[in-house]
Amino acid sequence: MPTTAPHALSDVTASDSTLRRFLHGLPGVDAVGLEARAASLGTRSIKTTAKAFAIDLAISMVDLTTLEGADTPGKVRALGAKAVRPDPTDRSAPPTAAVCVYPDMVATAKEAVAGSTVKVASVATAFPAGRAPISVKLADVREAVAAGADEIDMVIDRGAFLAGNYMKVYDEITAVKEACGTDARLKVIFETGELSTYDNIRRASWLGMLAGADFIKTSTGKVAVNATPANTLLMLEAVRDFRAQTGIQVGVKPAGGIRTSKDAIKFLVLVNETAGEDWLDNHWFRFGASSLLNDLLLQRQKLATGRYSGPDYVTVD
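Just so it is clear, the structure is predicted and the values come from calculations on it, not from any experiment. (Residues numbered from 1 in each chain as written. Predicted model: local features only at pLDDT ≥ 70, side-chain atom pairs only at ≥ 80, totals over all residues. Heavy atoms only, no water.)

**Re the nonpolar core**
Here is step 1 of the chain: One finds Leu19, Val99, Ile152, Trp206, Ile216, Phe285 and Phe287 to be the most contacted residues of the largest nonpolar core, which totals 93 residues.
Here is step 2 of the chain: In this view, Ile216 contacts Val188, Phe190, Ser205, Met209, Met235, Val239, Val250, Gly251, Val252 and Lys253; residues no more than four positions away in its chain are not counted.
Here is step 3 of the chain: Of all hydrophobic cores here, the second largest spans seven residues; its members include Cys100, Ala121, Val155 and Ile189. (Core = buried A, V, L, I, M, F, W, Y, C linked by side-chain atoms within 4.5 Å. Buried < 20%, exposed > 50% of the residue type's maximum accessible area, 1.4 Å probe, protein only. Contact = heavy atoms within 4.5 Å.)

Okay, structure coming up:
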């Protein structure tokens, strides 16, 4: 993946004024139309074999996450074991895409998923606030990568973005991308609940992609408003349009507030109908979730047995 703006748009990032002109020249978002389309797509009904396929696909897209101050090595090892084999009673259940932990837990997580396809993602750059000097943020990233992180989830400086200091945000993302090297993919978190407007979410999406993000991500899961169908739809439109202009594909990760199989399937419909089938793969779409996996497993068991299972039939995260 490129680490700088693609050639077709390289002049856009030549200066703060050209970057500002480009971002504020993006089409304004019709909020009513966006929310109406997201709601309409959310009414699609998926049954039988298509539902079973969607549930397995959603499981394979989960970044199984623990980001608490009380995280212990034992908890992270248990999470890794669950990521590798989500349903110990059914080996046909696919593994999740990744486990997501703080940088100091990367080595433990890496050991727990060794020999599997499960990636280790690590939040960095003073997650979740992003309030730290760039030297501290880069050290955070380098330590996570050195410990074996396959993916880095960084948070942008929302204060700088909201103040209109777009070049500072751009420079930080490019510096973090460089610190990731060739070993780790970069997810850029916008914290959409703090960006106030859909226009800002669209601008942040393009800013992140111009700076070399491999994924753009809605939120940290640590604020009141996280992933919604509308803000995810807007970001899917952005990655679709970015690829149309540059030929470069960027992933999308909604995070926070997605708890049920029904919710997950609604998001998969958004992906298919907006960005297209190329994004229906865990290399390009993820769910940032901790409680979602259990509901997916319960619904999967229901389809297989015809009976609803209770929470005692899945492991506690």
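**Notes on helix H4 (residues 73-84)**
Here is step 1 of the chain: The first and last C-alpha atoms of H4 sit 17 Å apart over twelve residues, in line with the 16 Å expected at 1.5 Å per residue.
Here is step 2 of the chain: Restricting attention to buried positions, one finds in H4 the residues Val76, Leu79, Gly80, Lys82 and Ala83. The arc that holds the buried residues of H4, viewed along the axis, is 160°, so those residues lie on one side.
Here is step 3 of the chain: On its buried side, H4 packs onto strand E1 (62-65), strand E2 (98-101), helix H5 (106-112) and helix H12 (292-305). (Helix = DSSP H or I, 4+ residues; strand = E, 2+ residues; numbered from the N terminus. Expected span 1.5 Å × (residues − 1). Arc of directions from axis to C-beta.)

**A word on the pairing of strand E5 (residues 185-189)**
Here is step 1 of the chain: Burial analysis of E5 places five of its five residues in the buried class, the great majority of the element.
Here is step 2 of the chain: Side chains Arg185, Lys187 and Ile189 project from E5 onto one buried face, and the interleaved Leu186 and Val188 project onto a second face that is buried too.
Here is step 3 of the chain: The pairing of strand E4 (residues 151-155) with E5 spans five bridges and is classified as parallel. By the bridge assignment for E5, Glu151 is matched with Arg185.
Here is step 4 of the chain: Note that the unit made of E5, helix H9 (residues 198-210) and strand E6 (residues 215-217) has a crossover that is right-handed. (Pairing = 2+ DSSP bridges. Right-handed = clockwise from strand over helix to strand, strands pointing away.)

**Observations regarding the sheet that holds E1**
Here is step 1 of the chain: Strand order in the open sheet formed by eight strands is E7-E6-E5-E4-E3-E2-E1-E8, with parallel pairing between adjacent strands. Each edge of the sheet is formed by a strand with only one pairing partner; in this case those strands are strand E7 (251-253) and strand E8 (287-289). Adjacent strand axes in the sheet meet at a mean angle of 25° when their direction is disregarded.
Here is step 2 of the chain: Relative to strand E3 (residues 119-124), E2 runs parallel, the two being bridged by four bridges. Of the residues in E3, the one forming a bridge with Val101 is Ser122. (Axes fitted to C-alpha atoms, helices over the stretch in contact; angles between N-to-C directions.)

**Regarding helix H3 (residues 48-60)**
Here is step 1 of the chain: The terminal C-alpha atoms of H3, which comprises 13 residues, lie 19 Å apart, in line with the 18 Å expected from a rise of 1.5 Å per residue.
Here is step 2 of the chain: For H3, the full list of buried residues reads Ala54, Ile55, Leu57, Ala58, Ile59 and Ser60.

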